[in-house]
Amino acid sequence: MELQKEYIDVEDAVKRVGGNMDLFKRLLAQFMGGDHFQKLDEALDAGETEAAARLAHTLKGTGANLSLHKLSAAAAELEQNIKNGIDHTESLANLKQIFDATSNEAAKIP
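To start, this report covers the structure provided alongside it.

### Notes on the nonpolar core
In summary, soluble globular proteins display a tendency toward joint burial of nonpolar side chains. The biggest cluster of nonpolar side chains holds 33 residues, and the ones touching the most others in it are Ile8, Phe24, Leu28, Phe31, Leu40, Leu68 and Leu95. Mapped by element, the contributors of at least two residues to this core are α1 (10-16), α2 (21-32), α3 (36-45), α4 (49-65), α5 (69-83) and α6 (89-106). Per-element accounting of this core gives the leading share, six residues, to α6. If we skip the residues at most four places from it in the chain, Phe24 touches Ile8, Val10, Ala13, Val14, Val17, Leu66 and Ile109.

Written out as structure tokens, the structure is:
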């Protein structure tokens, strides 16, 4: 089954980790198994916008490092919305949907 490159660019990601596919798969599994949204939701619910923006920034950076381009872009949008005081409801929902789709794609990696 072919992966959708818009979610995970495996070739690019493996290059980033020196060609070590096992390392990439471990890093990807660790990232996808994290409790990112629980922490993000808690920060947003508590009105801790600085912490929420930092969490979105971390999602953006880690996504970029793992070549999860669509996820990284969605996290960047959320980060900017939080920092600029713009309603983040839609961008957060979009990021969660993309995270789920990326997770589904990650499960296809042999």
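### What about the pattern of salt bridges?
If the charged atoms of two oppositely charged side chains come close together, the side chains can form a pair. A complete count under the given rule lists nine salt bridges for this structure. Of the charged contacts, one joins Arg54 and Glu50 as a salt bridge, the two residues approaching to 3.5 Å between their closest N and O atoms. Here the residue Arg54 and the residue Glu50 both occupy positions in helix α4, the gap between them amounting to four residues, near one helical turn. For Lys83, the salt bridge identified is with Glu79, shortest N-O distance 3.1 Å. One end of the pair is Lys83 and the other is Glu79, both in helix α5 and four residues apart, which spans about a single turn. Classification of Lys83 as exposed rests on a relative accessible area of 52%.

Thresholds applied
Residues numbered from 1 in each chain as written. Predicted model: local features only at pLDDT ≥ 70, side-chain atom pairs only at ≥ 80, totals over all residues. Heavy atoms only, no water. Core = buried A, V, L, I, M, F, W, Y, C linked by side-chain atoms within 4.5 Å. Buried < 20%, exposed > 50% of the residue type's maximum accessible area, 1.4 Å probe, protein only. Helix = DSSP H or I, 4+ residues; strand = E, 2+ residues; numbered from the N terminus. Contact = heavy atoms within 4.5 Å. Salt bridge = Lys/Arg side-chain N within 4 Å of Asp/Glu carboxyl O.

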